[in-house]
Amino acid sequence: MSVVHRLTAGWLLDHLSFINQCGYEICDSFAYTGDVTISTSVSSTNDHPTSTFATTSSSDGPGDAVETEGKTARTRYVFREEFFHISNAHIAAAPEEQLFTQCYSEVSSKRKRKCAFNQGELDALEYHAKIRKFIWEGTLHLVQEGLKSGFLHRAAAAPSCGKNVVPGRIDCGLAELCEMAKQFPAVNDGDHQAVNVLDDETTIPEHDLLSCVTENNSNCAKIVVLMGQKYLVPPKSSFLLSDISCLQPLLNYKKKYDVIVIDPPWENKSVKRSNRYSYLSSWQIKQIPVSALAAPDCLVVTWVTNRQKHLRFVKDELYPHWSVKTLAEWHWVKITRYGEFVLPLDSFHKKPYEVLILGRVQGNIKEALRKSEDLLPVPEHKIIVSIPCSLHSHKPPLTAVLAEFIKPDVECLELFARNLQPGWTSWGNEVLKFQHIDYFTLLQNKN
């Protein structure tokens with residue numbers, strides 16, 4: 001389970017454990033030709049695994065997971081631990097000391113400047129003042145439980161202020177590929193299949209991968225090769241890799257979802273300056289066809305930055321536009337392995353938390369009255385505490401925490417996803433990003 005501790009205030013999660021429990025075990029060995037290849041032949045060189053294509057049933061060398069002498073090899077992958085080695089906070093303090101004694105140093109210095117606060121800054125300060133105590137106390141209690149159980153560690157000495165080691169990013173070019181795919185010739189819906197199934201006798205052209213939902217219905221992981229890059233697809237998962245302008249294949253999939261998690265690429269100044277990531281305007285986000293994808297009483301969860309402009313937009317414009325009633329406002333709190341906030345709680349420029357806005361799709365009045373007794377109430381305030389992944393925008397899993405408020409065996413969808421989960425459909429122009437095989441380690445081979 002990804003939930004390490006559960007208290008009244010919220011949950012302490014183990015993100016790494018959740019990834020490794022997704023079942024990244026390759027069960028068979030096959031090889032194919034074509035633009036996109038399903039391959040379960042894997043070899044490891046040095047510390048990082050890479051995929052190769054098996055053209056015969058014999059092993060090409062040590063470490064190759066291919067079928068030999070009538071036996072099927074099993075290859076297991078685990079996510080690389082160093083992506084979660086967040087040991088150093090941006091300030092030096094012991095866990096309890098930091099949680100109790102952080103002061104408004106940055107805010108105070110900002111107050112000394114000659115120009116006055118603008119309205120956005122004043123709104124941010126007011127919002128933080130309202131939620132600070134809840135986040136502070138809730139995190140403290142969950143951290144104390146994590147220290148007692150050994151999930152978190154007490155540092156022998158106060159950690160240094162040095163930066164955490166962040167492994168290099170892998171540039172897969174997925175977003176660029178989706179942009180190029182918009183130039184592909186249009187395909188008539190009636191003449192095109194709605195689903196690609198990753199079985200043991202399938203070769204998927206790139207055009208098909210970008211134009212319909214791909215499913216892995218097996219109990220084992222699969223490896224998909226796209227533009228020479230290898231991606232692990234967990235069992236019982238499905239995905240669509242496409243630009244936001246090419247969402248029709250998801251609608252053609254004919255599924256209605258009981259849970260929809262959305263992580264939009266919000267517009268902000270740093271994104272504009274860096275030009276590293278694309279972003280969407282508020283108008284573009286409103287065009288996402290949530291109403292067409294949502295089942296009755298669908299639980300909608302939207303990740304929001306700490307800008308009050310975006311929070312107000314979700315609650316006052318976006319959710320009403322989608323016929324979603326706002327129910328709750330939760331916070332994801334990011335800590336180090338030693339239980340410290342990754343940033344000062346009262347940092348003016350950046351906070352160690354992010355916001356989730358939860359709501360339910362509203363149906364007609366009679367239907368709402370009839371089903372209200374079946375729906376579990378969503379608490380207005382909760383915190384989710386975890387050690388964050390050092391990879392940008394790799395959010396913690398919500399499967400376990402949302403399970404308390406939804407019925408079992410429901411259909412779940414993540415929009416703007418960058419990774420896959422068993423039991424979920426995922427969509428995004430970088431939906432396979434964190435499934436790249438170089439983010440994983442080849443753990444063992446079993447015959």
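Structure: see above.
A quick note: this is a predicted structure, and the numbers were derived from the prediction, not measured.

Rules used throughout
Residues numbered from 1 in each chain as written. Predicted model: local features only at pLDDT ≥ 70, side-chain atom pairs only at ≥ 80, totals over all residues. Heavy atoms only, no water. Helix = DSSP H or I, 4+ residues; strand = E, 2+ residues; numbered from the N terminus. Buried < 20%, exposed > 50% of the residue type's maximum accessible area, 1.4 Å probe, protein only. Contact = heavy atoms within 4.5 Å. Areas by Shrake-Rupley, 256 points an atom, 1.4 Å probe, with all protein chains shown as cover. Disulfide = S-S within 2.5 Å. Salt bridge = Lys/Arg side-chain N within 4 Å of Asp/Glu carboxyl O. Pairing = 2+ DSSP bridges. Axes fitted to C-alpha atoms, helices over the stretch in contact; angles between N-to-C directions. Expected span 1.5 Å × (residues − 1). Bend = angle between axes of the 7 residues up to and from the residue.

K.L.:
Would you mind showing me how to read the overall build of the chain here?
P.N.:
Helix and strand counts for the chain stand at 13 helices and 20 strands. Split into buried and exposed, the 447 residues of the chain put 51% on the buried side. Across the chain, contacts joining residues at least 24 apart in sequence account for 75% of those joining residues at least 6 apart. As presented, the chain carries roughly 21,000 Å² of accessible surface, and 51% of it is formed by carbon and sulfur atoms.

K.L.:
What is the right way to look at the environment of Lys236 in this model?
P.N.:
Mapped onto the secondary structure, Lys236 falls in the loop between strand 11 (229–233) and strand 12 (237–241). A relative accessible area of 44% places Lys236 in the partly exposed class. Distance from Lys236 to Gly423, taken between C-alpha atoms, is 5.4 Å for residues 187 residues apart in sequence. Once residues within four sequence positions are removed from consideration, Lys236 is found in contact with Asn216, Asn217, Ser218, Asn219, Gln421, Pro422, Gly423 and Trp424.

K.L.:
Just checking my understanding: could you explain the state of the cysteines for this structure?
P.N.:
Each disulfide is one covalent bond, formed between the sulfur atoms of two cysteines. Following the criterion strictly, the structure yields 0 disulfides and no others. For Cys412, which is in no disulfide, the shortest distance to another cysteine sulfur is to Cys298 and amounts to 9.0 Å.

K.L.:
I'm lost on the pattern of salt bridges in this one. Help?
P.N.:
Side-chain pairing between opposite charges can occur once the charged atoms of the two side chains come close. Applying the stated criterion across every chain yields a total of 13 salt bridges. Residue Glu82 is joined to Arg80 by a salt bridge in which the shortest nitrogen-to-oxygen separation is 2.8 Å. Looking at Arg80, the relative accessible area reads 11%, which means it is buried. In this structure, the salt-bridge partner of Glu354 is Lys334, at a minimum N-O distance of 2.9 Å. You can see Glu354 sitting in strand 16 (residues 353–361) and its partner Lys334 sitting in strand 15 (residues 324–334), a full 20 residues away along the chain. Taken as a pair, Glu354 and Lys334 share a single burial class, namely buried.

K.L.:
Please clarify how the sheet that holds strand 8 (residues 195–197) should be interpreted in this entry.
P.N.:
Pairing between the strands of a sheet comes from backbone hydrogen bonds, and it takes one of two forms, parallel or antiparallel. Ordered by their spatial adjacency, 12 strands build an open sheet running 1-2-17-15-16-14-13-18-19-12-9-8, and the pairing between neighbours is mixed. The open sheet has two edge strands, strand 1 (3–7) and strand 8, and neither has a second partner. Strand-to-strand twist of the sheet, defined as the mean angle between neighbouring strand axes without regard to direction, takes the value 20 degrees. As paired strands, strand 12 and strand 19 (residues 424–428) are joined by 4 bridges and run parallel to one another. Across the sheet, residue Leu241 finds its bridge partner in strand 19, namely Gly428.

K.L.:
I keep staring at helix 11 (residues 308–321) and nothing clicks. Help me out?
P.N.:
One turn of an α-helix holds 3.6 residues; hence residues three or four places apart share an orientation. With 14 residues, helix 11 extends 19 Å between its outermost C-alpha atoms, agreeing within 8% with the 20 Å of an ideal straight helix rising 1.5 Å per residue. The largest bend in helix 11 is about 40 degrees, located at Val314. Against the buried residues of helix 11 lie helix 4 (119–149), helix 9 (282–286), strand 14 (294–304), strand 15 and strand 16. Trailing helix 11 by a residue or two, Ser323 shows a phi angle of about 60 degrees, which is positive.

K.L.:
Please explain the pairing of strand 1 as it appears in this structure.
P.N.:
In summary, the side chains of a regular strand alternate between the two faces of the sheet. Pairing of strand 1 with strand 2 (residues 10–13) involves 4 bridges; the strand directions are antiparallel. Among the inter-strand pairings, Leu7 is bridged to a residue of strand 2, identified as Gly10. Taking the residues between adjacent antiparallel strands as the criterion, strand 1 and strand 2 are bridged by 2 residues.

K.L.:
What am I meant to see in unusual backbone geometry here?
P.N.:
Across the chain, the bulk of peptide bonds are trans and the bulk of non-glycine residues have phi less than zero. Although it is not a glycine, Lys254 adopts a positive phi angle of roughly 65 degrees. Position of Lys254 among the secondary structure elements: in the loop between helix 7 (248–252) and strand 13 (257–262). With a relative accessible area of 71%, Lys254 lands in the exposed category. The phi torsion at Phe416 lies on the positive side, around 65 degrees, for a residue other than glycine. Relative to the helices and strands, Phe416 is located in the loop between strand 18 (412–415) and strand 19.

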